[in-house]
Amino acid sequence: MRLMVFFDLPVETAMQRKEYRLFRKFLIKDGYLMLQESVHAKLVVNDGAAGAAVMRLRKHRPPEGLVQVLKVTERQFATMDYIVGNRDAYDEVDTMEEFVVL
């Protein structure tokens, strides 16, 4: 299953830009991969792990802006159509192969 995080955060003031950077750094540190500028995705093994990840997102949410989370299955994620570009250009380690849960 994948968690997809969509966010639109204000960056007009220095403090807002700092909050944006901190949120992005949290996403990367927590294992999210960037799909687009404000769209990140994370591979999780089950609903329990997804719930824990959403709780961590709530804990690190920025004070302003919009942050949304969507859960999709691997099967749904695999049916994504690429209108322009291709998956190979953005491929990173994002499969369940050799996925180890500690």
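Predicted model, so just to flag it, every value in this text is computed and none were measured.

J.: I keep staring at the overall build of the protein chain and nothing clicks. Help me out?
T.: A tally of regular secondary structure across the protein chain gives three helices and four strands. N-terminal to C-terminal, the α/β element order of the protein chain is β-α-β-β-α-β-α. By residue count, 25% of the 102 residues in the protein chain fall in the buried class. The long-range share in the protein chain, meaning contacts at least 24 apart out of those at least 6 apart in sequence, stands at 75%. In the form shown here, the protein chain has an accessible surface area of approximately 7,600 Å², with 55% of it arising from carbon and sulfur atoms.

J.: For this particular structure, what's the right way to read the environment of Tyr20?
T.: The topology assignment puts Tyr20 in helix H1 (residues 14-29). In this structure the C-alpha to C-alpha distance between Tyr20 and Arg61, which are 41 residues apart in sequence, comes to 9.7 Å. If we skip the residues at most four places from it in the chain, Tyr20 touches Phe7, Leu9, Val11 and Glu37.

J.: Help me understand the pairing of strand S3 (residues 39-43) in this model?
T.: For a regular strand, side-chain orientation follows a simple rule: the groups alternate between the two sheet faces. Buried residues dominate S3, accounting for five of its five residues. The alternating pattern of S3 places Val39, Ala41 and Leu43 on one face and His40 and Lys42 on the opposite face, and all of these are buried. Pairing between strand S1 (residues 2-8) and S3: five bridges, direction antiparallel. Paired with Leu3 across the two strands is Lys42, which belongs to S3. When strand S2 (residues 33-36) meets S3, the two strands line up antiparallel, connected through three bridges. Following the sheet pairing, Leu33 is matched in S3 by Ala41. Where S2 hands over to S3, the hairpin turn is made up of two residues, counted between the paired strands.

Rules of the game
Here the residue index of a chain counts from 1 through its sequence in written order. Totals for whole chains, interfaces and linings use all residues, but because this is a predicted model, local features are given only for residues with pLDDT of at least 70 and pairs of side-chain atoms are given and counted only at 80 or more. The side-chain quantities take in all heavy atoms of the structure and omit both hydrogens and water. Note on conventions: DSSP H or I runs of at least 4 residues are helices, E runs of at least 2 residues are strands, and numbering of each starts at the N terminus. Note on exposure labels: buried denotes an accessible area under 20% of the residue type's maximum, exposed denotes more than 50%, and partly exposed covers the range between, all computed with a 1.4 Å probe on protein chains only. In this analysis, two residues are considered to be in contact whenever any of their non-hydrogen atoms come within 4.5 Å of each other. Note on areas: these come from Shrake-Rupley sampling with a 1.4 Å probe, and a residue is covered only by the protein chains present in the view. At least two DSSP bridges between two strands are needed for those strands to be called paired.

The analysis is restricted to geometry; functional conclusions fall outside its scope.
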